[in-house]
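# Structure at a glance
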Amino acid sequence: MIIEAHDLRKTFIAKRGRGKTEEVEAVRGIDLAVEAGEIFAALGPNGAGKTTTVRMLATFTAPTSGTAKVAGFDVVKEAAKVRENIGYVSQAGGVDDNSPGLDSLMLAARLSGMSRKQAQVRSEELLEAFSLTEIANRPAKTLSGGQKRRFALAIGLVTRPPLVFLDEPTTGLDPQNRANLWDEVRTLRAQGTSVLLTTHYLDEADALCDRLIIIDHGKIVAEGTPTDLKKEVAGDVVTLRLKGLEEARELLAAQDYIKEVRAEDDLLRAYLDDGEHGLPQLLRALEERNLTLDSISLDRATLDDVFLRHTGRSLRDAA
Amino acid sequence: MLRHTALFLGYELRFLLRNPIWPVFGILQPVMYLIFFAPLLGSTTPSGSMADVLAMFTPGSMMMIALFGSLFAGFGLINETRNGVLERLAVSPAWPPAIILGRVAKDMLVLVLQAILVMGVAMLMGLRIGVIAFVVMLGLMAMTGLFAASLSYGLALALRDENGMSQIVQFFAMPLTLIAGLFLPVSLGPEWLQTAAKFNPLYYGVEAGRALFRDDLSNSTIPTAFGLLGALAVITLIWSMRSLRKMAG
């Protein structure tokens, strides 16, 4: 286990003006077990407690209660040892705008104990790997978001850590840069590096991770591989828009090939394992009752359906 | 630990060498005071000679760079509390105090270089001081820089807000300047002003500087200034390091 956490909790005292304070329970009991070599994702809406969890594991924030071991060391008692074994790329990136990215890279390398020569060799390696050689000496503030993000990643990897934390690594990136970053994360796995990433993008968690947790309001609501989690819901989703929503809901819920029906605003979602064969039967059932469809679609179940099932709301609405 | 401080210092100096113009701007203000204001002070010294006026006025104008330069050093750090740089450094193998110490060392160095330039201008205008006084004055400037910069970083990390910080620095800079007798010795003023000045650490710096420039090397204000500024520097350094640790909540 590269990460083992038991009942991690964090309560912040937030100032509310005029001397008043308020307790905010950002993380309310998280248990984690991440295997070495895994890409592990924490998926959840903004404010779910993902960043606070990562910050506790990376020794930035001290937990209010609970324990965690990262790379075999306690995050509170052996923070220095943990820091030697992790790379941490925060949401903000942490690239100094005023200096060239190469300077930040060299500083990070030398702080970890490398000699000037070793630091140069390692920096050049990373510049090459992330296609940053040509812009290595430009002040970071002149770089694009994607370039800066690549520098942030390179700085996080400078010590060849066995574990890297990536907090919202693709937020604010355009689709091209996002796809590139996914490739870079996959390369990390190929090299045996463990990755814990947080994201509020469903497709990112789905495409990238081996296992994930879904976090909402500071708690884990589901855990597993993307495939298993989706299977738990159903293989396929039929989304219908029609008049007579309530009647249709009752009707579909009674069909034995449909696992579950959920009404959401003006549409219905029917979960079923074999959508291709279920769909004609479903249409026939609706026709017998003279229920007229406005629209219908058949999709594979996504992690959003998993989220919906566990929290009662869609991740798109949860932010 | 010393290695980490040196690494941070080196990083800061590289930045400075790429943008060497800003510290030069910092000395324009005291140099203008020397050129345009010092000549008005002929009647305040017994002899009225330019050399005496400069011996009285130059230390004050040097403290001005400390106040209006080093005291603003923390502004850059406020941005780094938001752009993730400090967050990254806090979970890196870096020795945490080095994050502050490296910067403070840079600020001290800048202040000493600025002090050399200001003293150079004053000497061109007719100031005469001995080598020992010159060197001890640089030491005093380094100590003032250590205190002012640590205070600035402490404020920056505690407030983490540019607007609040600029208000507070401005609020303190003005009375500190006046009550230290930066422009004219407070000994020219009434009793109550002299008493008030005794509570201003900058006052001792200015008085020690004036003693040095009079070649009065055994004057008690010199060790007092070093001791006081040194002690305050240690306190503010500890404060800023604690604020750094508390940043994460």
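Per an unreviewed UniProt entry, chain B goes by the name Transport permease protein and belongs to Acrocarpospora corrugata. On record in UniProt, under Sequence similarities (unreviewed entry), the comment for chain B is "Belongs to the ABC-2 integral membrane protein family."

Per an unreviewed UniProt entry, chain A carries the name Daunorubicin resistance protein DrrA family ABC transporter ATP-binding protein and comes from Acrocarpospora corrugata. As its UniProt record puts it under Sequence similarities (unreviewed entry), chain A is described as follows: "Belongs to the ABC transporter superfamily. Drug exporter-1 (DrugE1) (TC 3.A.1.105) family."

### As for the overall build of chain B
Counting its secondary structure elements, chain B contains eleven helices and zero strands. If you list the helices and strands of chain B from N to C, you get α-α-α-α-α-α-α-α-α-α-α. By the compact-globule yardstick of 18 Å for 249 residues, chain B fits well, its C-alpha radius of gyration being 19 Å. Taking the principal axes of its C-alpha atoms as reference, chain B extends roughly 60 × 40 × 30 Å.

### Here's the deal with the overall build of chain A
Within chain A, the secondary structure is distributed over twelve helices and 14 strands. With respect to the principal axes defined by its C-alpha atoms, chain A has extents near 80 × 50 × 40 Å. Taking contacts inside chain A between residues at least 6 apart in sequence as the whole, the part at least 24 apart equals 69%.

### Quick notes on the packing of helix α3 (residues 101–111) of chain A against helix α1 (residues 2–18) of chain B
Running from N to C, α3 of chain A and α1 of chain B point in directions that differ by 170°, and their axes come no closer than 10 Å. When the interaxial angle is binned, α3 of chain A and α1 of chain B end up roughly antiparallel. In this structure, α3 of chain A uses D103, L107, R110 and L111 of chain A to contact α1 of chain B, whose residues at the interface are H4, L7, Y11 and R14 of chain B. Each residue belonging to the contact of α3 of chain A with α1 of chain B can be placed in one class, and the counts come to four nonpolar, one polar and three charged.

### Focus on the interface of chain A and chain B
With 24 residues of chain A at the contact, the number on the chain B side is 18 residues. For the side of chain A that touches chain B, the leading source of residues is α3 of chain A, giving five residues. Here the side of chain A that touches chain B is composed, by residue class, of nine nonpolar, eight polar and seven charged.

### So, the confidence of the model for chain A
This prediction gives chain A a mean pLDDT of 91; 99% of its residues lie at or above 70. Strand β5 (residues 73–74) of chain A holds the highest mean pLDDT among the elements of chain A, 97, whereas helix α12 (residues 315–318) of chain A holds the lowest, 73.

### Quick look at the UniProt feature "domain: ABC transmembrane type-2" (unreviewed entry) in chain B
When the UniProt feature table is mapped onto this chain, "domain: ABC transmembrane type-2" (unreviewed entry) is found at residues 21–247 of chain B. Taken end to end, residues 21–247 of chain B has its terminal C-alpha atoms 32 Å apart, with 76% of it in helix and 0% in strand.

### So, the packing of helix α2 (residues 21–37) of chain B against helix α3 (residues 50–68) of chain B
Axes are the key here: two packed helices are described by the angle between their axes and the distance separating the axes. Residues and elements named next belong to chain B. Look at α2 against α3: their axes get within 9 Å of each other, and the N-to-C directions meet at 155°. The orientation of α2 relative to α3 falls into the category roughly antiparallel. Crossing of α2 over α3 shows right-handed handedness. For the pair α2 and α3, contact is made by G26, I27, Q29, P30, Y33 and L34 and by T58, S61, M62, M64, I65 and F68, respectively. Partitioning the contact of α2 with α3 into residue classes produces eight nonpolar, four polar and no charged.

### Focus on helix α10 (residues 201–213) of chain B
All names here are of chain B. Taking 1.5 Å per residue as the helical rise, α10 with its 13 residues ought to reach 18 Å, and the 19 Å between its terminal C-alpha atoms agrees with that figure. The buried count for α10 comes to twelve of 13 residues, which makes it a mostly enclosed element. Taken together, the buried positions of α10 are L202, Y203, Y204, G205, V206, E207, A208, G209, R210, A211, L212 and F213. Buried residues belonging to α10 abut α3, α7 (131–159), α8 (162–179), α9 (191–197) and α11 (221–246). Looking one or two residues beyond α10, the residue adopting positive phi is D215, at roughly 70°.

### Here we look at the sheet that holds strand β4 (residues 65–70) of chain A
Residue and element names in this part refer to chain A. The antiparallel open sheet is built from four strands, whose spatial order is β2-β1-β4-β5. Every interior strand has two partners, whereas the edge strands, β2 (21–34) and β5, have only one. One ladder, built from five bridges, connects strand β1 (residues 3–15) with β4; its direction is antiparallel. Bridging across to β4, A5 finds its partner in A68. Packing of helix α1 (residues 50–57) onto the sheet brings it into contact with β1, β2 and β4, and relative to β1 it is tilted by some 115°.

### Side note on the sheet that holds strand β14 (residues 293–300) of chain A
Residue and element names in this part refer to chain A. Spatially, β12-β13-β11-β14 is the arrangement adopted by the four strands of the open sheet, whose pairing is antiparallel. Taken across any chain shown, the strands that pair with only one partner, and hence form the sheet edges, are β12 (258–264) and β14. When the angles between neighbouring strand axes are averaged without regard to direction, this sheet yields 20°. Of the pairings in the sheet, the one linking β12 to strand β13 (residues 267–272) comprises six bridges and is antiparallel in character. Its bridge partner being in β13, V261 is matched across the sheet by A270. Sitting on the sheet, helix α10 (residues 275–288) is in contact with β11 (236–242), β12, β13 and β14, with an inclination near 25° to β11.

### A few points about unusual backbone geometry
Residue and element names in this part refer to chain A. A positive phi angle, near 50°, is found at S131, a position not held by glycine. Relative to the assigned elements, S131 resides in the loop between α4 (116–129) and α5 (145–156). Using a count of 11 C-beta atoms within 10 Å as the deciding quantity, one classes S131 as exposed. Residues other than glycine seldom take positive phi values, yet H217 does so here, at roughly 50°. Positionally, H217 belongs in the loop between β9 (211–216) and β10 (219–224). Accessibility expressed as a C-beta count within 10 Å gives 16 for H217, which makes it partly exposed.

### Comments concerning the UniProt feature "transmembrane region" (unreviewed entry) in chain B
Residue and element names in this part refer to chain B. If you check UniProt for "transmembrane region" (unreviewed entry), the listed places come out as residues 21–41, 53–78, 108–125, 131–156, 168–188 and 222–241 in our numbering. What you have in residues 21–41 is 81% helix and 0% strand, and the ends, taken at the C-alpha atoms, are 31 Å apart. In residues 168–188, the share of helix is 57% and the share of strand is 0%. The end C-alpha atoms are 29 Å apart.

Cut-offs and rules
Residues numbered from 1 in each chain as written. Chains lettered and ligands numbered in written order. Predicted model: local features only at pLDDT ≥ 70, side-chain atom pairs only at ≥ 80, totals over all residues. UniProt positions renumbered as here; feature names shortened; annotations may be inferred. Helix = DSSP H or I, 4+ residues; strand = E, 2+ residues; numbered from the N terminus. Rg over C-alpha atoms; globule rule 2.2 N^0.38 Å. Contact = placed C-beta atoms within 7 Å. Axes fitted to C-alpha atoms, helices over the stretch in contact; angles between N-to-C directions. Parallel < 35°, antiparallel > 145°, perpendicular 65-115°, else oblique. Nonpolar A, V, L, I, M, F, W, Y, C, P; charged D, E, K, R; others polar. pLDDT = per-residue confidence, 0-100. Left-handed = near helix turned anticlockwise from the far one by under 90°. Expected span 1.5 Å × (residues − 1). Buried ≥ 20, exposed ≤ 12 C-beta atoms within 10 Å, placed from the backbone. Pairing = 2+ DSSP bridges.

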